[in-house]
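Per-entry structural report
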Amino acid sequence: MIERNGIALKHNMQRIISEFDFQGEMISCRPYGNGHINDTYIVQFQVGNNIVPYILQRINHHIFQNVDMLMENISNVTAYLKTKITEQGGNPLRETLNLISLKKGGDYLVDEDGNYWRSYLFITDAICRERINQPEDFYHCGVAFGSFQNLLSDFPVSLLHEIIPNFHNTPSRYLDFEQAVQQDVMGRAKKVKDEIRFIRARESSMSALTGMLERGEIPQRVTHNDTKLNNCMFDIYTGKIICVIDLDTVMPGIRAYDFGDSIRFGATTGAEDEPDLKKVSFSMPLFESYTKGFLKACGLEMKKSEVDSLVIGARLMTLECGMRFLTDYLQGDVYFKTSRKDHNLDRCRTQLKLVSDMENQISGMYRILYRYYSV
Ligand code: ADP
Ligand code: GN1
Ligand code: MG
């Protein structure tokens, strides 16, 4: 039965589901997960005495404007990962995403309303976490994203399309932000003068990573680019991460993007959208756990400049994300999904609070980094 609440009713789900090569009798379909971008559903099928779940996603084609290229990236990257995982004795059905084909062939559907749909095997006996319960969990997160980069270190970069140009180009994000402030289409700029001032005061640091890349001080690599805690899945039996998911933004990038984006979301005492800033502070113990795992797993053949770029990335990815949330707030909440008034503003404020905490503890962050780099 299709649930009668939520966004499921907006689409002809039965018809969409019938196009995919699922086995068995469909018994339910409901919205699922907490992503900010795509519409995600869990669809369950009765196959004999078993219930088999799948993930079905409506791809946000306003954000991902070339779905064909997006799907080609995912198909190439997951095929490559499957070979690597199999060679290493792992289970490719659980340790990476597996696309479900359409009955007529192909791995995504365009429906009559111009919406794009894809489906994945549901990774069972695993959970997504929105918050870190214990530092050990964040260590595993570091291992997972470090290993992800390591597994893809020989992936032919020329095969990858740049899905969202300038995705982590912080100076370009700053220009978008300034334009949103100037245009102020919602008349909200007056309410966020302090946040605007905070970001403008940091303009000169926006090019720290792009500058290092342009000067050849750090190498380009295949990176995930959206390394939030809830983009990986913890095995419920081992407590380790079994799979890195949300591969929409796998693109050429730098190591610091992945390291930094994980830190901004996970090394904190509060949620990304916590409205009470007293509950939000940068957590050095969590920073240490992630750093230890990431450096252990990503391979240590890094020049000093690349190691240093990780701490720069932690601060800069946090600042960039805060700036993106504020840009969206100023533009009327058109990019990130929101579920309450001022949601993007709350998100922006947590990120800026973390930036300010990190700036007070930068030398401690370097000390921790070098503790694990020198091992
Ligand atoms: P978004 O781009 O909107 O963040 P995601 O691809 O991250 O979308 O999916 C949203 C959520 O759906 C994830 O955080 C996770 O909880 C769940 N999810 C996605 N893919 C799978 C999968 N293959 N198996 C189980 N859960 C999944
Ligand atoms: C989005 O898709 P999701 O929810 O995993 C966003 C990231 C942001 C993040 C902030 C394609 O990630 O860049 O860092 O929200 N993804 C895209 O929580 O813009
Ligand atoms: Mg996601």
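This text goes with the structure placed above it.
Residues numbered from 1 in each chain as written. Chains lettered and ligands numbered in written order. Predicted model: local features only at pLDDT ≥ 70, side-chain atom pairs only at ≥ 80, totals over all residues. Heavy atoms only, no water.

Things to note about the layout of surface pockets
So the rule is basically this: Cavity and pocket criteria rest on a 1 Å grid covering protein atoms alone: a 1.4 Å probe that fits but cannot get out defines a cavity, protein on both sides within 12 Å along at least 5 of 7 lines defines an open pocket, and an atom within 4 Å of a point defines a lining residue. Grid points are joined across faces, edges and corners, and a volume is the space filled by probe spheres set on the points. Going along the chain from the N terminus, every DSSP run of H or I of four or more residues is numbered as a helix, and every run of E of two or more is numbered as a strand. Side-chain classes follow a simple rule in which Ala, Val, Leu, Ile, Met, Phe, Trp, Tyr, Cys and Pro form the nonpolar group, Asp, Glu, Lys and Arg form the charged group, and the remainder, Gly included, forms the polar group.
For the second largest pocket, the calculated volume is near 500 Å³. Together, 20 residues line the second largest pocket, and E95, A144, S147, I241 and I242 are the ones closest to its centre. Take the lining of the second largest pocket: its biggest share by element is seven residues, from helix α4 (residues 135-151). Of the residues in the lining of the second largest pocket, the class split is eleven nonpolar, six polar and three charged.

Comments concerning the sheet that holds strand β6 (residues 126-127)
Let me state the cut-off plainly: One bridge is not enough; two strands pair if DSSP finds at least two bridges between them. Contact criterion: two residues are considered in contact whenever any of their non-hydrogen atoms come within 4.5 Å of each other. Axes here refer to lines fitted to C-alpha atoms; in helices the fit is confined to the stretch in contact. Angles between the N-to-C directions go from 0 to 180 degrees.
Sheet architecture is open: three strands sit in the order β6-β8-β9, paired in antiparallel fashion. The strands lining the two open edges of the sheet, one partner per strand, are β6 and β9 (241-244). Looking at chain direction, strand β8 (residues 232-235) and β9 are connected through three bridges and run antiparallel. Bridge pairing links C232 to V244 in β9. With respect to the sheet, α4 is in contact with β8 and β9, its orientation differing from that of β9 by roughly 45 degrees.

Some remarks on the coordination of the magnesium ion (ligand 3)
Note on metal sites: the ideal angle is 109.5 degrees for four tetrahedral donors, and 90 or 180 degrees for six octahedral donors. For the record, the criterion: Excluding water, the donors of a metal are its N, O and S neighbours within 2.8 Å, or within 3.2 Å for Na, K and Ca, and that exclusion means sites may look incomplete. Partly exposed describes any residue whose relative accessible area lies between the buried limit of under 20% and the exposed limit of over 50%, with all areas from a 1.4 Å probe on protein chains only and scaled to the type maximum.
Within the protein, the atoms that donate to the magnesium ion (ligand 3) are N231 (OD1) and D246 (OD), at distances of 2.2 Å. With N231 in the loop between β7 (221-223) and β8 and D246 in the loop between β9 and β10 (251-253), the pair connects residues that are 15 residues apart, well separated along the chain. We classify D246 as partly exposed; its relative accessible area is 24%.

Description of the pattern of salt bridges
Rule in force here: Salt bridge, as used here: a side-chain nitrogen of Lys or Arg that lies within 4 Å of a carboxyl oxygen of Asp or Glu.
Within this structure, the stated rule accounts for 24 salt bridges. Of the charged contacts, one joins D194 and R197 as a salt bridge, the two residues approaching to 3.2 Å between their closest N and O atoms. Highlighted residues: D194 and R197, both in helix α6 (residues 193-200), separated by three residues, approximately one helical turn. Accessibility classification places D194 together with R197 in one group, the exposed group. In this structure, R264 and D261 form a salt bridge, with 2.8 Å as the shortest nitrogen-oxygen distance. Of the two residues, R264 and D261 are both situated in helix α8 (residues 255-266); the distance of three residues between them amounts to about one turn of the helix. This pair shows no difference in class: R264 is buried, exactly as D261 is. Ionic contacts of the salt-bridge type, sharing partners, join the residues D39, R58 and K337 into one network.

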